[in-house]
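Examination of the molecular architecture
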Amino acid sequence: MANNVDALYIFLLVVSAMMTALIFTMVVFFAVRYRKRPGQPAEQIDGSHALEITWSVIPFCVFMVFFGWGAALYFRERRPPQTSAEVYTVAKQWMWKFEHMEGQREINELHVPVGRDVKMIMTSQDVIHSFYVPAFRIKQDVLPGRYTVAWFHPTKPGTYHLFCAEYCGTMHSGMIGSVVVMEPKDYEAWMGGGGSQPLAVTGEKLFAELGCVTCHRSDTQGRGPNLVGLFGKPVLLEDGRSVAADENYLRESILQPTAKIVNGFKPIMPTFQGQISDEQLNALVAYVKSLGQPANPAAGRNLATATTQP
Amino acid sequence: MATAVLETGERETYLNREYGIKSWLLTVDHKRIALLYLMGITFFFFVGGFFALLIRLELLTPAGDLVQADTYNKLFTMHGQVMIFFFLIPAVPAVLGNFLIPIMIGAKDLAFPRINLLSWYLYIIGGILMVYTILNGGVDTGWTFYTPLSTEFLKTNVVTAALAVFVSGFSSILTGLNFIVTTHRMRAPGMTWNRLPLFVWAHYATSIIQVLGTPVVAIAIVLVALERVLHLGIFNPALGGDPLLFQHLFWFYSHPAVYIMILPGMGIISEIVCCFSRKRVFGYKAMALALLGIAVVGFLVWAHHMFVAGISLYAALIFSFLSYFVAVPSAIKVFNWTSTMYKGSITYQTPMLYAFGFIGLFTIGGLTGLFLACLGIDVHVTDTYFVVAHFHYIMVGGMVMAYLGGMHFWWPKISGRMYPEGWGRLAALLVFVGFNLTFFPQFILGYMGMPRRYWDYSHSPEFQILNVLSTAGATILAVGYLLPMIYFLWSMRYGKPAPDNPWNATGLEWMIPSPPTTYNFEEQPVVTWEAYNYDEVDKRREEVPVAH
């Protein structure tokens, strides 16, 4: 991705440099060539429709190339591949907390294997922050009260700066960290040291502890909707609308269950706003997403399966 | 008409008609009110500039060692708020616009002279609130007041700062209203819309933005104060609000506000380029339409500040497209200024040097705006020094250059004295060199990934060299700005008395004495000529040589 951004940047740079050179040359040339000289009065020219149209249409066409290329790139920057590994991120004044699907937790350091698409599912505990890794040319604001998503595809092992790019209070410039990109085998070794339980398993336990399981049963008999295979599917709501069951939908349905009522169900679910932490919420979301996934629930979103990626 | 040889002391002018503090504080003369504004604006320019210098000094070394983190955050916040709300937005309209618009259209004052004075008082009350905020410990929201940081998390003087912006906003609205009505109703016989100087067109376009846009930011700022004081859930998600709603409201005004700052500057540059090229402006209608086009389309591009804020892909797509669209009229203007010089008879007095500087810096500022409008690039460079450099090229490289150019151009009319030309040229050169040295390195810093609003960058020592260059540039820039203030003051006492028309320029303001009398015109002028009729003026001058 970084190379794509740089290619477009260089293209813009070259075109802008040409435009700048054109204008500077004209200004300097006219200023010298038409400097005041005795016996050479100014020659009045009112304007020219043809010229006005020319220097409106040509720049506009050039701008449209910028626009089109930039938009195409943006759509790729903003849409994580389906097969991405996932890392849940909670930002707060002034640190980054990461949780891998395997359950490893990190603060201000994110370890990822080279060659694997990584999707960051991010939220903030307080103010707006912004996840910025200049080397990957990606940036995404991290908002309280909802998820935002960024993704990247590390291609070279190394340690890269992670900055908070949205002013967030006193130690904004201290809200920094690093992304450590490792060879897959090094990553496995780093991962091996953990011994924590996978995020989806944490979520499953919470799902039972909080009593969610009594209504959200895996058959059609529950008082709440069956959540198996829900993630990514459209959901028909009571008011006739249809929404996609993405991370933000799951989040909202846990914190404000009455915001969107699924067609055929009653608004009887209690809110969990203020009852569970952002980390617990992430675990629940990860668990619900894993329901109905083939085989090992979370494996597809694990970073460690990197070795199978080209 | 008075002739050039009169001494200012010998006749009555708007300056010597009355003396005493009351004659100034209760004046309804648009020219005196302009001077009142000039004092306020100059004060805030140097306050904001002082903060800027402290910021640059802190960034000289990577470690945060000169001031505390909180102090640094207050410095960039107050630099932004002071410069934007108390200098950039009012500067050209309230000083030069106020002084010149009635004269340029052949009127004896604005349509509502008392409201004009009220505008100044609102500006001053806002200014006092801002000064109080500064002296009371400052504010550290960033000039953008982003929520929920501003509403829930900061313990500084957010409410008084918000109030300062709110009150001064009304000053801006009333000035805009006054200009619109004046332009419609007060034009002299024969001063048709097609004969208006582009300076007036520029202020007309600006006024539309001021009247339509400013109320929205006023509302947004009030909502911030309400949420902060009463904990109403408007923007804070913890209370059920939406932080992106604030950004939409804020930028709905604050993007057009950029055009409030730059359009009057464009008006100045059109006057200067024509005068010192001795030429009619190239494409008058295109120039006037471009001003209006920028004002209208400028309202439809605000969310390009939010490409990484969490808006939808398709919203981003539309705002990117519209942002490119608004760039077209700006390009038209640059090409037209350049073409105006073609086959001219060009001289290089100080105002023209500023105009050259403006065209160059505005071009760079505009073109780097195309990078930011480009979705794929914006993701990387937004909220970095690239953005900081870009908007300083527009606001300082563009607007401040134009303001200084205009001040030099009309200073003889305003004060009745000439500024020292040699010092003027030197200062213009210093400003140009200092500006580029300050801000060009910041483009590179931005692409390297240095985020803005960072107090400490000791994790990335590779950023230092460019920051050192930038700080060095800021020092030169400071000298370049101090010089005009010194020699303008000096010239008020020691400057050569100015002739009525030192530049042999066209326009009604040059046909009345320098400085003008209180009612501008002894008799109602009737306009029979087109704007920028330099051929006729120069022909007349050849026939009747003026003695100096």
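So, here is what we can say about the structure in this document. (Residues numbered from 1 in each chain as written. Chains lettered and ligands numbered in written order. Predicted model: local features only at pLDDT ≥ 70, side-chain atom pairs only at ≥ 80, totals over all residues. Heavy atoms only, no water.)

Concerning the overall build of chain B
Stated precisely, the cut-off is as follows: Secondary structure counts use DSSP, requiring at least four H or I residues in a row for a helix and at least two E residues in a row for a strand, with both numbered from the N terminus. Atoms counted for the radius of gyration: C-alpha only. Globule rule: 2.2 Å times the number of residues to the power 0.38. Accessibility here uses a 1.4 Å probe with only protein chains present; expressed as a share of the type maximum, an area under 20% marks a residue as buried, one over 50% as exposed, and anything in between as partly exposed. Here the accessible surface of atoms and residues is derived via Shrake-Rupley with a 1.4 Å probe, and residues count as covered only by protein chains that are part of the display.
Of regular secondary structure, chain B possesses 16 helices and 0 strands. Over its C-alpha atoms chain B spans a radius of gyration of 23 Å, differing by no more than 12% from the 24 Å that the globule rule assigns to 548 residues. Each principal axis of the C-alpha distribution contributes one length, and for chain B these read about 75 × 45 × 45 Å. Looking at chain B as a whole, 68% of its 548 residues qualify as buried. As displayed, chain B offers around 18300 Å² of accessible surface, 70% of which is attributable to carbon and sulfur atoms.

Topic: the packing of aromatic side chains
Here is the rule: For Phe, Tyr and Trp, rings pair up if their centres lie within 6.5 Å, where Trp contributes its six-membered ring, and each pair is then called stacked (planes under 30 degrees apart), edge-to-face (over 60) or tilted (otherwise). For a lysine, the NZ atom is tested; for an arginine, the CZ atom; a charge sits over a ring if that atom is within 6 Å of the ring centre and within 35 degrees of the ring normal.
For the coordinates displayed, the defined rule picks out 78 aromatic pairs over all chains. Where W143 of chain B meets W251 of chain B, the ring centres are 5.9 Å apart and the plane angle is 85 degrees; that geometry is what we call edge-to-face. Note that W143 of chain B is positioned in the loop between α4 (113-135) and α5 (149-153) and W251 of chain B in helix α8 (residues 243-277), a separation of 108 residues in sequence. W251 of chain B carries the same exposure label as W143 of chain B, and that label is buried. Within the aromatic cluster, the residues linked to one another by ring pairs are F199, F276, F409, W410, W411, Y419, Y487, F488, W503 and W510 of chain B. The ring of Y132 of chain A is capped by K139 of chain A, whose NZ or CZ atom sits 3.9 Å from the centre of that ring. The ring centre of W24 of chain B lies 4.2 Å from the NZ or CZ of R32 of chain B, which sits over that ring.

A look at the interface of chain B and chain A
In many reports, interface size means the accessible area that the parts give up when they come together. This is how it is decided: Residue contacts are defined here by distance: any two heavy atoms, one from each residue, within 4.5 Å place the two residues in contact. Here the quantity called buried area is the total loss of accessible area, with a 1.4 Å probe, experienced by two parts when brought into contact, counted for both. When a carboxyl oxygen of Asp or Glu is within 4 Å of a side-chain nitrogen of Lys or Arg, the pair counts as a salt bridge. Pairing of N or O atoms within 3.5 Å defines a polar contact, subject to two protein rules: one partner must be a possible hydrogen donor and the other a possible acceptor, and residues neighboring in sequence count only if both atoms are side-chain atoms. Each residue receives one of three labels: charged for Asp, Glu, Lys and Arg, nonpolar for Ala, Val, Leu, Ile, Met, Phe, Trp, Tyr, Cys and Pro, and polar for the others, Gly being one of them.
At the junction of the two partners, chain B supplies 89 residues and chain A supplies 76 residues. Across the chain B/chain A interface, buried area totals approximately 7200 Å², and carbon plus sulfur atoms make up 68% of it. Applying the counting criterion to the chain B and chain A interface returns 2 salt bridges. One salt bridge connects E43 of chain A with K343 of chain B, and the closest N-O pair in it is separated by 3.8 Å. Seen at the junction of chain B and chain A, the total is 29 residue pairs in polar contact (both at pLDDT 80 or more). Of all the elements, helix α10 (residues 313-341) of chain B adds the most residues to the side of chain B that touches chain A, at 17 residues. Counted by class, the side of chain B that touches chain A contains 51 nonpolar, 25 polar and 13 charged residues.

Notes on the sheet that holds strand β6 (residues 129-133) of chain A
Residue and element names in this part refer to chain A. Spelled out, the test is: Note on pairing: two strands pair once DSSP finds at least 2 bridges between them. Every angle, taken between N-to-C directions, lies between 0 and 180 degrees, and every axis is a line fitted to C-alpha atoms, over only the stretch in contact when it is a helix.
Reading across the sheet, the 5 strands line up as β4-β10-β9-β6-β7 and stay open at both edges, with mixed pairing between neighbours. With partners counted over all chains shown, the strands left at the sheet margins are β4 (109-113) and β7 (138-142), one partner each. Pairs of neighbouring strands in the sheet enclose a mean axial angle of 20 degrees, with direction left out of account. Taken together, the 5 bridges between β6 and β7 define a ladder with antiparallel strand orientation. Each bridged residue has a counterpart across the sheet, and for V133 the counterpart in β7 is I138.

What to know about unusual backbone geometry
For the peptide bond that leads from Q93 of chain A to W94 of chain A, omega is -5 degrees, which places it in the cis range. Along the polypeptide, W94 of chain A turns up in the loop between β1 (85-92) and β2 (95-100). Following T147 of chain B, the chain continues to P148 of chain B via a peptide bond in cis, the omega torsion being -5 degrees. Considering the arrangement of structural elements, one finds P148 of chain B in the loop between α4 and α5. A positive phi angle is found at Y532 of chain B, which is not glycine, with a value near 60 degrees. Accessibility expressed as a relative area gives 3% for Y532 of chain B, which makes it buried.

Overview of the environment of G68 of chain A
All names here are of chain A. Looking at where G68 falls in the secondary structure, it is placed in helix α2 (residues 49-78). Among the residues examined, G68 registers a relative accessible area of 33% and is labelled partly exposed. C-alpha separation for the pair G68 and E102, spaced 34 residues apart in sequence, amounts to 39 Å.

Looking at the environment of I89 of chain B
Residues and elements named next belong to chain B. Here I89 shows up in helix α3 (residues 69-104). Along the sequence, I89 and I101 sit 12 residues apart, while their C-alpha atoms lie 17 Å from each other. Setting aside residues up to four positions removed in sequence, I89 forms contacts with I84, S172, Y253, A257, I260 and M261.

So, the pattern of salt bridges
Two side chains that carry opposite charge are able to pair once their charged atoms sit near each other. In the structure shown here, the tally under the stated rule is 18 salt bridges over all chains. Ionic pairing is found between R195 of chain B and E530 of chain B, a salt bridge with its closest N-O pair at 3.1 Å. Here E530 of chain B lies in the loop between α15 (464-494) and α16 (534-543) and R195 of chain B lies in the loop between α6 (158-185) and α7 (198-230), a separation of 335 residues in the sequence. A relative accessible area of 17% places R195 of chain B in the buried class. For E530 of chain B, a relative accessible area of 41% corresponds to the partly exposed category. R280 of chain B serves as the salt-bridge partner of D535 of chain B, at 3.3 Å between the closest nitrogen and oxygen. Residue D535 of chain B is found in helix α16, and its partner R280 of chain B is found in the loop between α8 and α9 (284-297); the two are separated by 255 residues along the sequence. Residues joined in a network through salt bridges with shared partners are E86, K119, E247 and K289 of chain A.

As for the pairing of β7 of chain A
All names here are of chain A. Most of β7 sits out of view: 5 of its 5 residues are buried. Going residue by residue along β7, you find I138, Q140 and V142 tucked away on one face and K139 and D141 tucked away on the opposite face as well. Remark: 4 residues form the turn of the hairpin made by β6 and β7, two consecutive strands paired antiparallel; R137 in that turn has positive phi of roughly 60 degrees.

Quick word on the packing of α2 of chain A against α10 of chain B
The cut-off we apply is this: Angular relationships are summarised with four words: roughly parallel below 35 degrees, roughly antiparallel beyond 145, roughly perpendicular across 65 to 115, and oblique for the angles in between. Handedness of each helix crossing follows the sense of rotation of the near helix against the far helix: counterclockwise by less than a right angle gives left-handed, clockwise gives right-handed.
At a minimum axis separation of 9 Å, α2 of chain A and α10 of chain B run at an interaxial angle of 155 degrees. It follows that α2 of chain A is roughly antiparallel to α10 of chain B by the angle criterion. Note on packing geometry: the crossing formed by α2 of chain A with α10 of chain B is right-handed. Considered class by class, the residues forming the contact of α2 of chain A with α10 of chain B number 21 nonpolar, 4 polar and 2 charged.

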